[in-house]
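Residue-level structural notes
Residue strings, one per chain:
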Amino acid sequence: MSKDRMVTLTVDGLEISVPQGTKLLKACLDNGIYIPNLCYIDDMEHPPASCRLCLVEIEGRPDPLPSCSQKVEDGMVVHTETDAVRLLQKTAFRLLVSTNHGKCRLCMANKHCAMQQIAKFLHMPLRTKKLRYIPKDMPEVIEDHPCIVYEPNKCVLCGRCVYVCSRQNYDFALDFARRGFNTTISFFGSQEEGVGDYCRNCRACVDICPVGALNFKDERDAFLQDLQAKISA
């Protein structure tokens, strides 16, 4: 079948038509239907569906499903706003913010952070009261890389940075390290000659991070100096 064949589905009572093969999440977002999401990128063939925020209910399916991994089907009927969907999204969000120290004012992503957008959408605080604050057992800032800093307590492990870095075909790469609660992002091979220049010119991981957990050292230093000057004024 041609990829350009159009299929028609109904989402929250709205009938939309999109090309066959389109991921359900993309179909909704492209038609102005917002569904919270963190780990999805448009060109992903197999999205990880790890953030568990883009769940929807599809008539005929027994349980909510991540919309990022579902392809649209002709006649599909989708609900994005049911009580069951919201409960699951809020539970996933509480887990994601359990390591968040809530100091948004001190973050370079303040006012354009995906977590702030999702919190507003779900009417949820960025510091959960139902789960205790659990900082990760690692430095607040990791500066192993020649030009990039990583803040693990901000990181939601969405994997966007790992995905875009893997597509650059370098001999070094960002990837997940450790396991469980201590899972983190690590720079493998970052001490090799020339890595700083490659990463400086690439910017892919820094630009794709939805929460400001990855930044260039000089840009972060400049931001903090400017912030300190404003506080002292």
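Our subject in this report is the structure included herewith. Think of each chain on its own: its residues are numbered from 1, step by step along the sequence as written. Only residues with pLDDT of at least 70 are given local features in this predicted model, and only at 80 or more are side-chain atom pairs given and counted; all residues enter the totals for whole chains, interfaces and linings. Neither water nor hydrogens contribute to the side-chain values; these are computed over all heavy atoms in the structure.

1. Concerning helix H2 (residues 83-96)
End to end, H2 covers 20 Å across 14 residues, agreeing with the expected 20 Å (1.5 Å per residue, within 8%). Looking at the buried side of H2, the elements it contacts are strand E3 (55-58), strand E5 (77-79) and helix H3 (114-122). Working definition: helices are DSSP H or I runs of at least four residues, strands are E runs of at least two. Numbering for both runs from the N terminus. Under the convention used throughout, the expected extent of a helix is 1.5 Å for every residue step, that is, one less than its residue count. Whether two residues touch is decided by their heavy atoms; if any such pair falls within 4.5 Å, the residues are in contact.

2. A closer look at the state of the cysteines
Any two cysteine sulfur atoms within 2.5 Å of one another count as a disulfide. According to the stated counting rule, one finds 0 disulfides in the structure shown. As a non-bridged cysteine, Cys-158 has Cys-161 as the owner of its nearest cysteine sulfur, 6.2 Å distant. Remark: exposure states derive from per-residue accessible area (1.4 Å probe, protein chains only) relative to the maximum for the residue type, with buried under 20%, exposed over 50%, and partly exposed in between. Among the residues examined, Cys-158 registers a relative accessible area of 11% and is labelled buried.

3. Let's talk about the sheet that holds E5
The rule for pairing is simple: two strands pair if DSSP sees at least two bridges between them. Here 5 strands make up an open sheet; going across it, the order is E2-E1-E5-E3-E4 and the pairing mixed. Both edges of this open sheet fall to strand E2 (14-19) and strand E4 (65-66), since each of them pairs with a single strand only.

4. A look at empty space enclosed by the protein
Using protein atoms alone on a 1 Å grid, points that fit a 1.4 Å probe yet trap it form a cavity, whereas open point sets bounded by protein on both sides within 12 Å along at least five of seven lines form a pocket; residues with an atom within 4 Å of a point count as lining. Grid points are joined across faces, edges and corners, and a volume is the space filled by probe spheres set on the points. All told, the structure shown has 4 cavities of 30 Å³ or more when counted by the stated rule. Counted as a void, the largest cavity has a volume near 190 Å³.

5. Description of the packing of aromatic side chains
Whether two aromatic rings pair depends on their centres lying within 6.5 Å, for rings of Phe, Tyr and Trp, where Trp uses its six-membered ring; planes under 30 degrees apart make the pair stacked, over 60 edge-to-face, and the rest tilted. Tallied over the full model, the rule gives 1 aromatic pair. Sitting above the plane of the Phe-216 ring, Arg-200 keeps its charged end 4.1 Å from the centroid. Counted as over-ring charges are cases with an Arg CZ or a Lys NZ within 6 Å of the ring centre that also lie within 35 degrees of the ring normal.

6. Comments concerning the nonpolar core
When a protein is soluble and globular, its nonpolar side chains tend to lie buried together. We define the nonpolar core as a collection of buried residues of types Ala, Val, Leu, Ile, Met, Phe, Trp, Tyr and Cys that are connected through side-chain atoms lying within 4.5 Å of one another. Within the largest apolar cluster, 40 residues are counted, with the highest numbers of intra-cluster contacts made by Leu-38, Phe-93, Met-115, Ile-148 and Leu-214. Contributions of two or more residues to this core are made by H2, H3, strand E6 (148-150), helix H4 (160-166), strand E8 (184-188), helix H5 (195-202), helix H6 (204-208) and strand E9 (214-216). In terms of residues, this core owes the most to one element, H3, which gives 5 residues. Sequence-distant contacts of Leu-214, that is, excluding residues within four places in its chain, are made with Ile-148, Val-149, Tyr-150, Cys-161, Leu-174, Phe-187, Cys-205, Val-206 and Cys-209. Membership of the second largest hydrophobic core comes to 20 residues, among which are Leu-25, Ile-33, Ile-35 and Tyr-40.

7. Concerning the side chain of Asn-153
Note that Asn-153 resides in the loop between E6 and H4. By relative accessible area, which is 11% here, Asn-153 ends up buried. Sequence-distant contacts of Asn-153, defined by excluding residues within four places in its chain, comprise Thr-99, Asn-100, Pro-135 and Lys-136.

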